[in-house]
Amino acid sequence: MTQTSSKTLALNEVYLAADWGYRPGGAGSIGDKVFEDLNSNGFWENGEPGIPNVTVQLRNAEGSNVRTAVTDGSGNYSFSNLPLGLNYSVICGLQGP
């Protein structure tokens, strides 16, 4: 975001009220879909159904659970508002055949 401000200074005037607070911006999100991989290629493709009601965990670099989500009716999940610059792992509660 860019903010601008203007002030016309008189000769030898000192103006000390042009303060700007800076807050490093942004937050990240991680999410996607839990689905039945009908052709076993590891990628979701049209026709492969999402799996609802699956528990998905977001873990930090130390392996501690940070958040838990449950997939919606289409198999989608999302973890939003995540601090930037950290490492995360996503663990799905389903086991393959």
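So, here is what we can say about the structure in this document. Along each chain, the written sequence defines residue order, and numbers are assigned to residues from 1. Per-residue local features of the predicted model are confined to residues with pLDDT of at least 70, and side-chain atom pairs are confined, for both listing and counting, to 80 or more; whole-chain, interface and lining totals are unaffected and use all residues. Hydrogen atoms and water are omitted, and side-chain values are computed over all heavy atoms in the structure.

## Considerations on the side chain of Glu48
Secondary structure elements follow DSSP: runs of H or I of four or more residues count as helices, runs of E of two or more count as strands, with numbering from the N terminus. By the secondary structure assignment, Glu48 is in the loop between strand S1 (28-33) and strand S2 (55-60). Despite its burial, Glu48 pairs with no opposite charge; the closest candidate is Lys33, at 9.6 Å N-O. Polar contacts here mean pairs of N or O atoms no more than 3.5 Å apart (in protein, one a potential hydrogen donor and the other a potential acceptor; neighbouring residues in sequence count only if both atoms are side-chain atoms). A distance of 3.0 Å separates the side chain of Glu48 from the backbone nitrogen of Leu38, its partner in a polar contact. Here Glu45 takes part through its backbone nitrogen, which lies 2.9 Å from a polar atom of the side chain of Glu48. We call two residues in contact whenever any of their non-hydrogen atoms come within 4.5 Å of each other. Once residues lying within four places of it in the same chain are set aside, the contact partners of Glu48 are Phe35, Glu36, Asp37, Leu38, Asn39 and Phe43. Here the term buried applies to any residue with accessible area under 20% of the maximum for its type, exposed to any over 50%, and partly exposed to those in between, with areas from a 1.4 Å probe on protein chains only. When charges are tallied, Lys and Arg are placed among the positive residues and Asp and Glu among the negative ones, while His and the ends of the chain are skipped. A carboxyl oxygen of Asp or Glu within 4 Å of a side-chain nitrogen of Lys or Arg is what we treat as a salt bridge.

## Quick look at the nonpolar core
Here, nonpolar core means buried Ala, Val, Leu, Ile, Met, Phe, Trp, Tyr and Cys residues that are tied together by side-chain atoms lying within 4.5 Å of each other. Among the nonpolar cores identified, the biggest contains eight residues, and these are Val34, Val54, Val56, Leu58, Ala69, Tyr77, Phe79 and Leu82. If you list the elements that add at least two residues to this core, you get S2 and strand S4 (76-82). The greatest single-element share of this core, amounting to three residues, is contributed by S4. Setting aside its immediate chain neighbours within four residues, Leu82 contacts Ala27, Gly28, Ser29, Ile30, Leu58, Arg67 and Tyr88.

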